[in-house]
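Each chain, written out:
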Amino acid sequence: MSRQTSERTLRGRVAVIGIGETQYYRHGASPDAEFKLALKAILAACDDAGIDPREIDGFSSYSDDRSEASRLAAALGIRQLRTAIMQWGGGGGGCCAAVANAAASIVAGLADCVVVFRSLAQGEYGRFGQTSGIASVSGEKAYLMPYGVLAPPQRFAMRVRRFMHDYGVRQEALRAIALASYHHAQANPRAIMHGKPLDPDKYDASRWIVEPFHLYDCCMENDGAAAIVLVAAERAADFRNKPAYLLGAAVGSGFRAGAAPHNAPHYASASFHTVAPDLYRMAGVGPMDVGVVQSYENFTGGVVMALTEHGFFRPDEANEFLTFENLVAPSGRLPLNTSGGNLAECYMHGFELLLEAVRQVRGTSVNQVRRNDVAMVIGGSMVTPVSNLLLGSEATL
């Protein structure tokens, strides 16, 4: 193997040294403008790392974040902006890819200290993904909206229902995911649903949004911002907190995943059939090495498919594996969404999941798991492109 080929990896070469977030709000309730939220989260992440914000020389984001890199650099007094990256795709599909892009820029020598962030203020700009007032549509929406398929729950319910039919997955599997997220949120004072527990009866009695999604199967809509700071691994020991090292990352989708209208060969899929193997290959680990997962839940059904596609269980084992006991910290078989996730902590388009993965590796989560050396984040189930990553402690390198 040539030297050039052997070095084509992110494994162990970049570390997260700081994490920061604002208070999270219900959609439209933030008192701050979106740009100010971004600055607050970035400053909090720098403070967590013990780094001067002026040392930042790059920004990376996704989902068309409106807080532009050059404007952030000016506001923070950054001496030189060297990289500014935006990942294609809407929603949370790019949350892990934005980290991978930042890491790649550091490894390539394009930047030394990159902040990855997401900011959202729907009171200022309107609800994300709003369908009213649209004069024309194109792409997938052109095949859906004329027939009344307007909202994400309607689009994704069809994929999940197909998966449930094909493999005999029961509603209880989706319910377990929601219950675990809400359970973890009760120990997390940052969570929007802190102090608002969920039990099986309350879940079952909640209204249908579109079958098979009850109200509690659907993510929230929120305002806020979150950020992480990345540097090269050789610098990681110079900062305030225990670093979390990037073991691997992947982004993309399989053959015809974006075919319209709803015409992909793997229709009942979270889009990770090709992406998950790429992640494990780079990281040099497998499903049995992962101690905790933070999985993007736009809807609980997507989590079921994403976990199967990452090899944690076969589709026909979903009912047996996805139980409340298996999914909760500290000692469940696979603790899931230990901060509350998109369902119960905050829907920052999945970026809050990355911060929780870092806390788990550090050992500072409010729902700390026993096996915390390897933490997975799964971004954007059922969209395309999707992304994922694995973080690890120094012991994993």
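For the structure, check the block above.
This one's a predicted model, so the numbers in the text were calculated from it and none came from an experiment.

Reading the values: the criteria
- Residues numbered from 1 in each chain as written.
- Predicted model: local features only at pLDDT ≥ 70, side-chain atom pairs only at ≥ 80, totals over all residues.
- Heavy atoms only, no water.
- Phe/Tyr/Trp six-rings, centres within 6.5 Å; stacked < 30°, edge-to-face > 60°.
- Helix = DSSP H or I, 4+ residues; strand = E, 2+ residues; numbered from the N terminus.
- Buried < 20%, exposed > 50% of the residue type's maximum accessible area, 1.4 Å probe, protein only.
- Lys NZ or Arg CZ within 6 Å of the ring centre and 35° of its normal.
- Polar contact = N/O pair within 3.5 Å; in protein donor to acceptor, adjacent residues only side chain to side chain.
- Contact = heavy atoms within 4.5 Å.
- Expected span 1.5 Å × (residues − 1).
- Salt bridge = Lys/Arg side-chain N within 4 Å of Asp/Glu carboxyl O.

## Concerning the packing of aromatic side chains
- Per the counting criterion, the structure on display carries 8 aromatic pairs.
- An angle of 90° between the planes, with centres 6.3 Å apart, marks the rings of Phe59 and Phe117 as edge-to-face. Placement of Phe59 in strand E3 (residues 58-62) and of Phe117 in strand E5 (residues 113-120) is noted, with a sequence separation of 58 residues between them. Here Phe59 matches Phe117 in class, with each residue buried.
- Members of the aromatic cluster, each reached through a chain of ring pairs, are Phe156, Phe213 and Phe299.
- Above the face of the Tyr62 ring, Arg118 is positioned so that its terminal group lies 5.7 Å from the ring centre.

## As for the side chain of Ser393
- Tracing the backbone shows Ser393 in the segment after strand E12 (386-392).
- Among the polar contacts listed, one links the side chain of Ser393 to the side chain of Asp373, at a separation of 2.7 Å.
- With sequence-adjacent residues up to four places away left out, Ser393 is seen in contact with Lys242, Tyr245, Val361 and Asp373.

## Section: helix H7 (residues 152-167)
- The end-to-end C-alpha separation of H7 is 23 Å, in line with the 22 Å expected for 16 residues at 1.5 Å each.
- Structurally, H7 contributes buried residues whose contacts are with helix H6 (140-144), helix H8 (171-185), strand E6 (208-210), strand E7 (213-214) and helix H11 (300-309).

## Regarding the pattern of salt bridges
- Scanning the entire structure with this criterion turns up 22 salt bridges.
- For the salt bridge of Glu21 with Arg190, the shortest nitrogen-to-oxygen distance reads 3.1 Å. Remark: Arg190 occurs in the loop between H8 and helix H9 (200-205) and Glu21 occurs in strand E1 (residues 14-21); sequence separation between them is 169 residues.
- Residue Arg190 is classed as partly exposed on the basis of its relative accessible area, which comes to 26%.
- The network of salt bridges with shared partners includes Glu21, Arg190, Glu345, Glu356 and Arg359.

Geometry only, nothing functional implied.
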